[in-house]
Number of protein chains: 2
Amino acid sequence: MSSQPASMRDVAHRAGVSLSTVSRVLRGAPGVAPDVRLRVQRAADELSYVVSRNASGLVTGRTGRVAVVVPFLQPWFFGVVLSGVSDALREADLDMLVYQVGETRAREGWTRALPLRRNSDAVVTVSMDLSEDECHRLDDVGVPVVLVGQCVPGRASVYIDDRAGAAGATRHLLNLGHTRIAYIGARREEWSSTSSRHRLEGYGAAMATAGLAPWSVGKATGHAGGELAMGELLSDQDPPTAVLAEFDDIAMGAHRILRRSGVRVPGSISLMGFDNHDAAAVLDLTTVDQAPYDTGLAAGRLTVGILDGKARTDTHVEMPTQIILRQSTAAPRGARGLST
Amino acid sequence: MSSQPASMRDVAHRAGVSLSTVSRVLRGAPGVAPDVRLRVQRAADELSYVVSRNASGLVTGRTGRVAVVVPFLQPWFFGVVLSGVSDALREADLDMLVYQVGETRAREGWTRALPLRRNSDAVVTVSMDLSEDECHRLDDVGVPVVLVGQCVPGRASVYIDDRAGAAGATRHLLNLGHTRIAYIGARREEWSSTSSRHRLEGYGAAMATAGLAPWSVGKATGHAGGELAMGELLSDQDPPTAVLAEFDDIAMGAHRILRRSGVRVPGSISLMGFDNHDAAAVLDLTTVDQAPYDTGLAAGRLTVGILDGKARTDTHVEMPTQIILRQSTAAPRGARGLST
DNA sequence: CTGTTAGCGCGTTCAA
DNA sequence: TTGAACGCGCTAACAG
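In this text the structure is predicted, and so the values were computed from the model without any measurement.

Some words on helix α13 (residues 292-307) of chain A
All names here are of chain A.
So, step 1. Helix length check: α13, at 16 residues, gives a terminal C-alpha distance of 22 Å against a target of 22 Å (1.5 Å per residue), a fit within 8%.
So, step 2. Where burial is concerned, most of α13 is hidden: 13 out of the 16 residues are buried.
So, step 3. Where α13 ends, the next residue or the one after it, Gly309, has phi of about 75 degrees, a positive value.

Printed below as a string of structure tokens:
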């Protein structure tokens, strides 16, 4: 209706008080008579007035906004993390700016291109796998940074122990009695993420502890990579009895190939993923849950804490992972392990 | 490094020009000598200075931000739409604010609670299924509104023809020779979305045209609902030979029950979804694609167009749907239709 | 083509 | 407990 949104002056006028009184009331500042406070609040309500963060930020130096930077918005994972971040920020009455910056190489210089500086109070990066260089450039922005899915000493980080998660998953397969356990990873061309490396290391370590040689296949990423890799494994002279995938998307591609090939899961081959993708439940896929919503929530709350001066900027939060047992893993035929 | 981020004054000082010249350069306004422009740009670069949208917005009345309101952030669909919106806004150098407002009933009053007013130049709602009332309250915010996934006369809307999509899907099953075609929908307690209704209507219309009575089962939403509904259908005296689900999540739940029950898909029952969820490919599920990324992109561009005064605020954009044939649908045994 | 000036809407002094 | 004056960083209108 009102072509010109109400300003604080309108509220003051309507309530019959001065500008500063309105400001005090709306900020919840003390030193206002109860009846006056009520009158102002009603006036603001009637005009459906909300404080302009623009104007207040100009003077306080705080924008009331937090920037969240993600490589992509489409994959399941980021939506869930954002959901957690959003809820945490809402608690503190902060708005969420979302920036999608794209693939690693293409994001060259995103730290400068993005209007982060003076337009948000903090930056949360999700699975960005920042280089030392990029981290330093972020410091230049002059706002606190919280890293999600990456653990950097001296910086606020929220992450999972990928090594431990992958090692646990591998042990699950070992405990079932498997010895021929292959690992399918995503090999990117010029770059490999820390998380990728850690998961592979975790698998390798668990295998070594069991006195077994690692057996890993790296193909493209996503479903397609899983299909290719599983194709290769099925053509091996002595195929594995269990397969661990770096993440569920890959496992799902592998699952598809197994289904089409008539290979029984887990009868002939046990298959295990990582992430607890929401489609993993549909496929009855055993996987490792990493609670991305809780991760987002923790990251959001840590950000709020830092902004309130209640948390240090080098806080590390390690989120737990948990194995979700479903129907895609079982003891191999005639195994000795846990099976009888 | 710099504890105090540079301001425009610093840039002006460093370049040896006045504030307005810097402002002109940074806005790309005409009327600046090329060499001066270059000098200013370099100075800004060296100080890694970016304009404060806060301050500029204060005077221009434009914030450089668009608010996107979604009920949830976790479901696959919203991430993909947001991705499209984000790309479109980036083209126009606009930032994206994301608000997650939650379930229908709980979002009572979100239009007032959200600091939309004076904090964004436009609002994009995604699958919000706004009531007349909520629409009017949004008008009060005083910024243009673009509706995604909802078609309201007189308002900017980007949507798909759910009726036609569901009718097409039903015809696909009819053409294969099925006559016992059941429909699984999500029945929410106190409320049903427009899209839900339209899809059911499309199914009903196609069935009627074929001279068949509709057969619809409504359970909870999501995987669980699909499982329940399929359980009911499998206990019927004369089970269907084909099942159309309102959306892929439901179809995936149904698929799981069929798999566990040893019912062959599509051998004994054809199964079809709607949405082209990214997990649908993994399940080889025939479905209806609605290109959510393109929808987001179109909505974002429409928003930009409206802000630039190049598009009307009552523009309607209908996005095409497309049937994606996969392995989950086939002619029934001994059918007459297209099968031979 | 460039510099000067006056606010944009609000929070923060101060003084009353 | 309240109100008036000032300035946050920037743009728009003007003057030069």
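Picking up where we left off.
Regarding the protein's contact with DNA strand D
So, step 1. By nearness alone, 25 residues border DNA strand D, and Val36(A), Met8(B), Ser23(B), Arg27(B) and Tyr49(B) come closest of all.
So, step 2. Atoms of DNA strand D within 4 Å of the protein: sugar and phosphate make up 70%, bases the balance.
So, step 3. Here a phosphate oxygen of DNA strand D sits 2.9 Å away from a polar atom, N or O, in the main chain of Ser18(A).
So, step 4. For DNA strand D, a phosphate oxygen lies 2.5 Å from a polar atom in the side chain of Arg27(B).
So, step 5. Here the surface near DNA strand D takes 5 residues from helix α4 (residues 53-60) of chain B, the largest share from any one element.

Some words on the pattern of salt bridges
So, step 1. The tally for this structure, following the rule as stated, stands at 34 salt bridges over all chains.
So, step 2. Here Arg301(A) ties to Glu91(A) by a salt bridge, and the two come within 2.8 Å at their closest N and O atoms. Here Arg301(A) is found in helix α13, whereas its partner Glu91(A) is found in helix α5 (residues 76-91), with 210 residues between them in sequence.
So, step 3. Salt-bridge contacts for Arg256(A) lead to Glu227(A); the nearest nitrogen and oxygen are separated by 3.0 Å. Of this pair, Arg256(A) sits in helix α11 (residues 248-261) while Glu227(A) sits in helix α10 (residues 222-234), and the two are 29 residues apart along the sequence.
So, step 4. Judged by relative accessible area, Arg256(A) falls into the buried class, the value being 15%.
So, step 5. Here the salt bridges share partners, and the residues they tie into one network are Glu227(A), Arg256(A), Arg259(A), Arg260(A) and Asp284(B).

Re the state of the cysteines
So, step 1. Applying the stated criterion across every chain, the model contains 0 disulfides over all chains.
So, step 2. Cysteine Cys135(A) shares no disulfide, and the gap to the nearest cysteine sulfur, in Cys151(A), comes to 11 Å.

Comments concerning the sheet that holds strand β7 (residues 216-219) of chain A
All names here are of chain A.
So, step 1. Strand order across the open sheet formed by 4 strands is β7-β6-β8-β9, with parallel pairing between neighbours. Both edges of this open sheet fall to β7 and β9 (270-272), since each of them pairs with a single strand only. Averaged over all pairs of adjacent strands, the angle between their axes in this sheet comes to 20 degrees, without regard to strand direction.
So, step 2. Two elements, strand β6 (residues 181-186) and strand β8 (residues 242-245), share 4 bridges in a ladder whose sense is parallel.

Comments concerning the interface of chain A and chain B
So, step 1. Taken together, the contact pairs 52 residues of chain A with 53 residues of chain B.
So, step 2. Of the roughly 5,100 Å² buried where chain A meets chain B, counting both sides, 48% is carbon and sulfur surface.
So, step 3. Sorting the residues of chain A by area buried against chain B places Asn54(A), Arg117(A) and Val282(A) first, and these three jointly supply 13% of that buried surface.
So, step 4. Summed over the shared surface of chain A and chain B, the number is 6 salt bridges.
So, step 5. With a closest N to O distance of 2.9 Å, Asp284(B) and Arg256(A) form a salt bridge.
So, step 6. In this assembly, chain A and chain B are joined by 22 residue pairs in polar contact (both at pLDDT 80 or more).
So, step 7. Going through the elements one at a time, α4 (53-60), α5, β2 (95-100), α7 (132-141), α11 and α12 (278-282) of chain A are the ones with two or more residues in the side of chain A that touches chain B.
So, step 8. The greatest single-element share of the side of chain A that touches chain B, amounting to 7 residues, is contributed by α5(A).
So, step 9. Tallied by class, residues from the side of chain A that touches chain B come to 24 nonpolar, 13 polar and 15 charged.

Concerning the environment of Gly225(B)
Residue and element names in this part refer to chain B.
So, step 1. Among the structural elements, Gly225 can be located in helix α10 (residues 222-234).
So, step 2. When the C-alpha positions of Gly225 and Ala166 are compared, they lie 19 Å apart, and in sequence the two are 59 residues distant.
So, step 3. Ignoring sequence-local partners within four residues, the contact set of Gly225 consists of Lys219 and Ala220.

Focus: the sheet that holds strand β8 (residues 242-245) of chain B
All names here are of chain B.
So, step 1. Here we have 4 strands laid out as an open sheet, ordered β7-β6-β8-β9, and parallel in their pairing. In this open sheet, the two strands that pair with only one neighbour each are β7 (216-219) and β9 (270-272). The sheet shows a mean angle of 20 degrees between the axes of neighbouring strands, direction not considered.
So, step 2. Here β8 runs beside β9; their pairing, made up of 3 bridges, is parallel. Looking across to β9, one finds that Val243 is bridged to Leu271.
So, step 3. Packed on one face of the sheet, helix α9 (residues 194-209) meets β6 (181-186), β7 and β8 and runs near 170 degrees to β6.

A look at a nonpolar patch on the surface
So, step 1. There is a patch of nonpolar side chains on the surface, built from Leu58(A), Val59(A) and Leu58(B) and spanning about 300 Å² of accessible area.
So, step 2. By the secondary structure assignment, Leu58(B) is in helix α4.

Details of the protein's contact with DNA strand C
So, step 1. If you check the shell around DNA strand C, you find 25 residues, and the closest are Met8(A), Arg27(A), Tyr49(A), Ser20(B) and Ala33(B).
So, step 2. Among the atoms of DNA strand C lying within 4 Å of the protein, the sugar-phosphate backbone contributes 67%.
So, step 3. Arg27(A) has a polar side-chain atom sitting 2.4 Å from a phosphate oxygen of DNA strand C.
So, step 4. Within the side chain of Arg24(B), an N or O atom sits 3.1 Å from a base nitrogen of DNA strand C.
So, step 5. For the surface near DNA strand C, the secondary-structure elements that each account for two or more residues are α2 (19-27) and α4 of chain A together with α2 (19-27) and α4 of chain B.
So, step 6. Residue contributions to the surface near DNA strand C peak at 5 residues, all from α4(A).
So, step 7. Residue composition of the surface near DNA strand C, by class: 12 nonpolar, 10 polar and 3 charged.

Thresholds, definitions, all that
- Residues numbered from 1 in each chain as written.
- Chains lettered and ligands numbered in written order.
- Predicted model: local features only at pLDDT ≥ 70, side-chain atom pairs only at ≥ 80, totals over all residues.
- Heavy atoms only, no water.
- Helix = DSSP H or I, 4+ residues; strand = E, 2+ residues; numbered from the N terminus.
- Expected span 1.5 Å × (residues − 1).
- Buried < 20%, exposed > 50% of the residue type's maximum accessible area, 1.4 Å probe, protein only.
- Near = heavy atom within 4 Å.
- Polar contact = N/O pair within 3.5 Å; in protein donor to acceptor, adjacent residues only side chain to side chain.
- Salt bridge = Lys/Arg side-chain N within 4 Å of Asp/Glu carboxyl O.
- Disulfide = S-S within 2.5 Å.
- Pairing = 2+ DSSP bridges.
- Axes fitted to C-alpha atoms, helices over the stretch in contact; angles between N-to-C directions.
- Contact = heavy atoms within 4.5 Å.
- Buried area = accessible area lost by both parts, 1.4 Å probe.
- Nonpolar A, V, L, I, M, F, W, Y, C, P; charged D, E, K, R; others polar.
- Patch = residues over 30% accessible without salt bridge, like charges linked within 9 Å, V, L, I, M, F, W, Y side chains within 5 Å.
- Areas by Shrake-Rupley, 256 points an atom, 1.4 Å probe, with all protein chains shown as cover.

Any functional reading would require information that these geometric values do not contain.
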